[in-house]
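Commentary on secondary and tertiary structure
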Amino acid sequence: FALALAPGANSPTPARIESDRETLFVSGGGMCIRRTSFESVGGFDSDYFMYHEDVDLGWRLWLLGYRCVLSAESSVFHRGGGSLGNLTPEFIQSLSDAHVLATAFKNLSAANLDTIFPVLFIYLLLRRGPGEGNRLFGLGVESFLSSLDSLVAKREEVQRRRVRSDEEIFEKTGNPFAFLLNSETCDALRQELNSDTGFDPLSTHSVRTAVERWTWRGQALQTIK
């Protein structure tokens, strides 16, 4: 099942689409890819371990001139969550948060990163909630920051090799951050941040400083609420 098409847990009936259609990524649980294409974009990012590595791969494929397509001729039955039993919810959440941030950081253009990334960061922080939620989100942020030197280098390489703009890709696949760009809540967040968004994605010091600033701002917003 592609993530957006799964009909529900334990359903015996596969989802159907009428015709092939382009998508930003396909689920690693049901994917075919030419080996030459896989290797040409660097394969999966091994730093991810699990969660969002398929999103990152699909996005990089688009950036480097390939396409991801959902096939109307195929049915895939995937028993989800086979690796979850040995992992704690805290670990899973920290991986998910860290990898959402890493994927956006690596693959968005400079202009879109400047607009979207600060709002995405605070959105995730607020969604997790105060108290224990903040602590768990903090684990994800720590993981993101611990990989920052590597992420900056990877971002520089991805952006150097890109042959498609974000706008060209999103026109075909949909914008994964449309919910941030279109919602009243996120409009309010952008207004709250105002000019407190600028950072240099190729400077680890600039990113760390910005993350500290956004964390403080997000926690302040939680207090106000």
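Calculation notes
Residues numbered from 1 in each chain as written. Predicted model: local features only at pLDDT ≥ 70, side-chain atom pairs only at ≥ 80, totals over all residues. Heavy atoms only, no water. Helix = DSSP H or I, 4+ residues; strand = E, 2+ residues; numbered from the N terminus. Buried < 20%, exposed > 50% of the residue type's maximum accessible area, 1.4 Å probe, protein only. Contact = heavy atoms within 4.5 Å. Areas by Shrake-Rupley, 256 points an atom, 1.4 Å probe, with all protein chains shown as cover. Polar contact = N/O pair within 3.5 Å; in protein donor to acceptor, adjacent residues only side chain to side chain. Phe/Tyr/Trp six-rings, centres within 6.5 Å; stacked < 30°, edge-to-face > 60°. Salt bridge = Lys/Arg side-chain N within 4 Å of Asp/Glu carboxyl O. Axes fitted to C-alpha atoms, helices over the stretch in contact; angles between N-to-C directions. Parallel < 35°, antiparallel > 145°, perpendicular 65-115°, else oblique. Nonpolar A, V, L, I, M, F, W, Y, C, P; charged D, E, K, R; others polar. Core = buried A, V, L, I, M, F, W, Y, C linked by side-chain atoms within 4.5 Å. Left-handed = near helix turned anticlockwise from the far one by under 90°.

Attention now goes to the overall build of the protein. When you go through the protein residue by residue, the secondary structure sums to ten helices and two strands. Traced from its N-terminal end to its C-terminal end, the protein shows the element sequence β-α-α-β-α-α-α-α-α-α-α-α. With 225 residues in all, the protein has 42% of them scored as buried. Counted over contacts in the protein with a minimum sequence separation of 6, partners at least 24 positions apart contribute 78%. Summed over its atoms, the accessible surface of the protein is roughly 12,200 Å², and 51% of this surface lies on carbon and sulfur atoms.

Here Thr115 is to be found in helix α4 (residues 110–128). On a C-alpha basis, the gap between Thr115 and Leu181 in space is 9.4 Å, while along the polypeptide they are 66 residues apart. Polar contacts involving the side chain of Thr115 include one to the main-chain carbonyl oxygen of Ala111, which spans 3.2 Å.

Here we come to the packing of aromatic side chains. Per the counting criterion, the structure on display carries twelve aromatic pairs. With a centroid separation of 5.3 Å and 85° between ring planes, the pair formed by Phe199 and Trp214 is classed as edge-to-face. Taken together, the residues Phe199 in the loop between α9 (184–193) and α10 (204–224) and Trp214 in helix α10 connect sequence positions 15 residues apart. A residue is classified by how much of its surface remains accessible, and Phe199, at 13% relative accessible area, is buried. Among the residues examined, Trp214 registers a relative accessible area of 0% and is labelled buried. An aromatic cluster of at least three residues, connected via ring pairs, comprises Phe105, Phe117, Phe121, Phe137, Phe144, Phe199 and Trp214.

With respect to the helices and strands, the residue Arg60 is situated in helix α2 (residues 53–63). Arg60 gets classed as buried once you look at its relative accessible area, which sits at 6%. At a separation of 2.9 Å, a polar atom in the side chain of Arg60 contacts the side chain of Asp56. When near neighbours in sequence (up to four residues on either side) are disregarded, Arg60 contacts Val41, Gly42, Gly43, Phe44, Asp45, Lys106, Asn107 and Val158.

It is worth spelling out the pattern of salt bridges at this point. The tally for this structure, following the rule as stated, stands at ten salt bridges. For Asp45, the salt bridge is made with Lys154, and the minimal N-O distance between the two is 2.7 Å. Taken together, the residues Asp45 in the loop between α1 (35–40) and α2 and Lys154 in helix α6 (residues 148–161) connect sequence positions 109 residues apart. Between Arg164 and Glu168 there is a salt bridge, with its nearest N and O atoms 3.8 Å apart.

What follows covers the packing of helix α3 (residues 89–107) against α4. Running from N to C, α3 and α4 point in directions that differ by 170°, and their axes come no closer than 10 Å. Looking at the two axes, α3 sits roughly antiparallel to α4. Together, Gln93, Asp97, Val100, Leu101, Ala104 and Phe105 of α3 and Leu113, Phe117, Leu120, Phe121, Leu124, Arg127 and Arg128 of α4 make up the contact between the two elements. When its residues are assigned to classes, the contact of α3 with α4 shows nine nonpolar, one polar and three charged.

Right, let's talk about the nonpolar core for a bit. Of all hydrophobic cores here, the largest spans 48 residues; its most connected members are Phe105, Phe117, Phe121, Phe144 and Trp214. When residues of this core are traced back to their parent elements, those giving at least two are α2, α3, α4, α5 (132–146), α6, α7 (166–173), α9 and α10. Sorting elements by how many residues they give to this core places α4 first, with ten residues.

The description of two packed helices rests on the angle between their axes and on the distance between the axes. One can describe the packing of α2 onto α7 by two numbers: an axis separation of 10 Å at closest approach and a directional angle of 115°. For α2 against α7, the interelement crossing comes out right-handed. Between α2 and α7, the contacting residues are Trp59, Trp62 and Leu63 on the first element and Asp166, Ile169, Phe170, Lys172 and Thr173 on the second. For the contact of α2 with α7, the per-class residue count stands at five nonpolar, one polar and two charged.

What is shown is where atoms sit, not what they do.
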